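Given next are the chains, with one letter for each unit.
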Amino acid sequence: MSENQKIKLWVAGDLNAFFGLFTNVLLNTIVLTGLCLYVVQIPSETVFGRVLPALGIALPFGNIIYALMAYKLAKKENRTDVTALPYGPSVPHMFIVVFVVMLPTVLLYKDWVLAWKLGLIWCVLIGLIVLLGVLIGPTIRKYTPRAAMLGSLAGVALTYIAMRPVFQIYEAAWIGIICFMIILLNWVGGVRLPFNIPGGLGVVIVGSVLAWGATFLGMSNIMDPGQVTASLSNFALYFPSFSFDVLSVPSELVWPLLVSAIPLGILNFTEILNNVESANAAGDKYNLRFIMAADGIGAILGGFLGSPFPPAVYIGHPGWKAMGGRIGYSMVTGIVMAILCFFGLTSLLLSVIPLVAIIPILLFIGLVIGAQAFQVSPKRHAPAIILALIPNIAEWLKTQVDGALSAASVNTVAIPEEVIAGMNSGGVLYHGIVTAGGGGILAGMILAAIAVFIIERAFHWAAVYAVAGCALSFFGFIHGTSLAINASPTVSFGYAVSAVVFILMAIKEAKEKPLSWAPVCEDEK
């Protein structure tokens, strides 16, 4: 028996990972602060006095829980290389709750208080749905091929995590490229920076010096000294307060929230599955039920305290592990974020640190997650991984098209038929984009799972997932724009016919060898 290892809560590599995760979480917190202030028009006293302090409780709750789970796993397996799961505000949910729940409410009722309360209820609903996943999550993970889960996750990483940062980097390329090259040198190439400065801190210093230097020399207006002074007005100590705001809304306004809360709760549930599988592939096997329970409770806790933004396990565990992060980086990130939220310092940091200096970190995480799907899955499953990317790319592409239409003052909730016809004639297959991308994460998993089982000639399992695709598309969870009965009839028909074909092929295969209902790709896990 090997000698017991001394498990430390903080090691040298945690500093590097901390600056990486911290700047990532900080960036998202800054964005959600801006969304509250400038999109939903929530007064600053509510944003800094209720929303952020609530987030200051929900974030360390999850970070500390996951750090303790990592410590327990390290003790159990006598290893010093266990990495805690990262945790922060869920990026997809952040935009959905603003643009699908709160903003339409403000536009319709001219009432930001009602919009905020509906956002809180939506957040609690997301948490409840994730808690339901505690019952079925492990079973889904057991019978879903790794290529399907990690391939779908890679699609999210490629689009929502990496793509926008690339464009933002090239908006201010003279800063962005330099900062990204620092990230590549330090986190990919293993090159030490001068004075052994962590890569995350290095890009903040270099990016800030370049941006402020150019501003003071009159060569750029990327930074605004006036914003620094203005942000100091938000500095104060804000205590979180528990209230029943989420219960003080008429029930007839709550039921419509289920239309977006159910599919987004399933998305959150699916993303947790994929992230836990990603950590498992990197060598850290966590209890999925505990992870889901912590995620669900974190969202519910934040909702009752005043934050409409559900936190979640973050994409990126292998990335933080690769740069030396172990247990302390996640825990300290949560604690530092709590301090910033309690004192209203996010606006100050936003005014001091150029955004383009931070976003290369997101691009790095996207690269690592995308690469992992291919690295830990059998080579023969590579086509399935590519297939899993496509619905996520389509879903992201829809956001870009809708954004362009909205900028042109076109109502993207009900796009006129002549506009769609014009796009089709111009080569923009909008209807196909919308249908392919509906429920991108889940749709990618279904398609990739079918592909893996066809590759493995396990046609009976391919039939199971084709039936699942038929059911999910029938109710609009995938390949649809909203929940409804017979939401995507053509898609459901395609999956149904495919299931029949797979069943016939399975019957034919069964004449040659007995069918096995054991997980086909269990050897990967």
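Look up a bit, the structure's there.
Since the structure is predicted, the reported quantities are computational estimates derived from the model, not experimental observations.

Chemist: Any chance you could explain the overall build of the protein here in plain terms?
Modeler: Scanning the protein from N- to C-terminus turns up 22 helices and 2 strands. Since a compact globule built from 525 residues should have a radius of gyration of about 24 Å, the 23 Å found for the protein is in line with a globular shape. On the principal axes, the C-alpha backbone points of the protein span a range of 75 × 70 × 45 Å. Within the span of the protein, comprising 525 residues, buried residues form 55% of the whole. In the protein, once contacts between residues fewer than 6 apart in sequence are set aside, the share between residues at least 24 apart is 82%. About 22300 Å² of surface is accessible on the protein, with carbon and sulfur atoms providing 69% of the total. Averaging the coordinates of the 26 positive side-chain charges in the protein and doing the same for the 24 negative ones gives two points 10 Å apart.

Chemist: So what exactly am I meant to see when it comes to the packing of aromatic side chains here?
Modeler: Scanning all chains against the criterion turns up 13 aromatic pairs. Considering the side-chain rings of tryptophan 320 and tyrosine 329, the 6.4 Å spacing of their centres and the 45 degrees angle between planes classify their relative orientation as tilted. Look at tyrosine 329 and you get buried, because its relative accessible area is 0%. With 5.1 Å between their ring centres and 85 degrees between their planes, phenylalanine 474 and phenylalanine 475 make a pair best called edge-to-face. Overall, the relative accessible area of 38% leaves phenylalanine 475 in the partly exposed class.

Chemist: Honestly, a nonpolar patch on the surface in this entry has me stumped. Any pointers?
Modeler: Together, Ile64, Leu68, Ile335 and Ile339 give the surface a local cluster of nonpolar side chains, amounting to about 330 Å² of exposed area. For the nonpolar patch, the elements supplying multiple residues, two or more each, are α2 (44-77) and α13 (328-343). In this fold, isoleucine 64 is placed in helix α2. The class for isoleucine 64 is partly exposed, based on a relative accessible area of 32%.

Chemist: Is there a simple way to explain the pattern of salt bridges in this structure?
Modeler: Between side chains of opposite charge, a pair can form as their charged atoms come close. On inspection of all chains with the given rule, the structure shows 8 salt bridges. Ionic pairing is found between aspartate 402 and lysine 398, a salt bridge with its closest N-O pair at 2.5 Å. Linking aspartate 402 with lysine 398, this pair stays in helix α17 (residues 382-407), spanning 4 residues, or about one helical turn. In the salt-bridge network here, residues are joined through shared partners; they are Glu77, Arg79, Asp81, Asp284 and Lys321.

Chemist: For this particular structure, what's the right way to read the state of the cysteines?
Modeler: In a disulfide, the sulfur atoms of two cysteines are covalently bonded to one another. Counting across every chain of the model gives 0 disulfides. In this structure cysteine 123 is a free cysteine whose sulfur lies 11 Å from that of cysteine 36, the closest cysteine sulfur available.

Chemist: Looking at this structure, I do not really get unusual backbone geometry. What am I missing?
Modeler: Negative phi is the rule for most residues except glycine; trans is the rule for most peptide bonds. We note that histidine 479 has phi near 55 degrees; this positive angle belongs to a residue other than glycine. Note on placement: histidine 479 falls in the loop between α21 (459-474) and α22 (489-510). Taking relative accessible area as the criterion, histidine 479 reaches 7% and is therefore assigned buried. With phi around 55 degrees, asparagine 486 is a residue other than glycine that occupies positive phi space.

Chemist: I keep staring at the packing of α17 against helix α20 (residues 440-455) and nothing clicks. Help me out?
Modeler: The contact between α17 and α20 brings their axes to 8 Å, and the two run at 160 degrees. Overall, the two elements α17 and α20 adopt an arrangement that is roughly antiparallel. Seen from above, α17 lies across α20 with right-handed handedness. Here Ala384, Leu387, Ala388, Pro391, Asn392 and Glu395 of α17 come into contact with α20, specifically with Gly440, Ile441, Ala443, Gly444, Leu447, Ala448, Ala451 and Val452. For the contact of α17 with α20, the per-class residue count stands at 10 nonpolar, 3 polar and 1 charged.

Definitions and limits used
- Residues numbered from 1 in each chain as written.
- Predicted model: local features only at pLDDT ≥ 70, side-chain atom pairs only at ≥ 80, totals over all residues.
- Heavy atoms only, no water.
- Helix = DSSP H or I, 4+ residues; strand = E, 2+ residues; numbered from the N terminus.
- Rg over C-alpha atoms; globule rule 2.2 N^0.38 Å.
- Buried < 20%, exposed > 50% of the residue type's maximum accessible area, 1.4 Å probe, protein only.
- Contact = heavy atoms within 4.5 Å.
- Areas by Shrake-Rupley, 256 points an atom, 1.4 Å probe, with all protein chains shown as cover.
- Lys, Arg positive; Asp, Glu negative; His and termini not counted.
- Charge placed at Lys NZ, Arg CZ, Asp CG, Glu CD.
- Phe/Tyr/Trp six-rings, centres within 6.5 Å; stacked < 30°, edge-to-face > 60°.
- Patch = residues over 30% accessible without salt bridge, like charges linked within 9 Å, V, L, I, M, F, W, Y side chains within 5 Å.
- Salt bridge = Lys/Arg side-chain N within 4 Å of Asp/Glu carboxyl O.
- Disulfide = S-S within 2.5 Å.
- Axes fitted to C-alpha atoms, helices over the stretch in contact; angles between N-to-C directions.
- Parallel < 35°, antiparallel > 145°, perpendicular 65-115°, else oblique.
- Left-handed = near helix turned anticlockwise from the far one by under 90°.
- Nonpolar A, V, L, I, M, F, W, Y, C, P; charged D, E, K, R; others polar.

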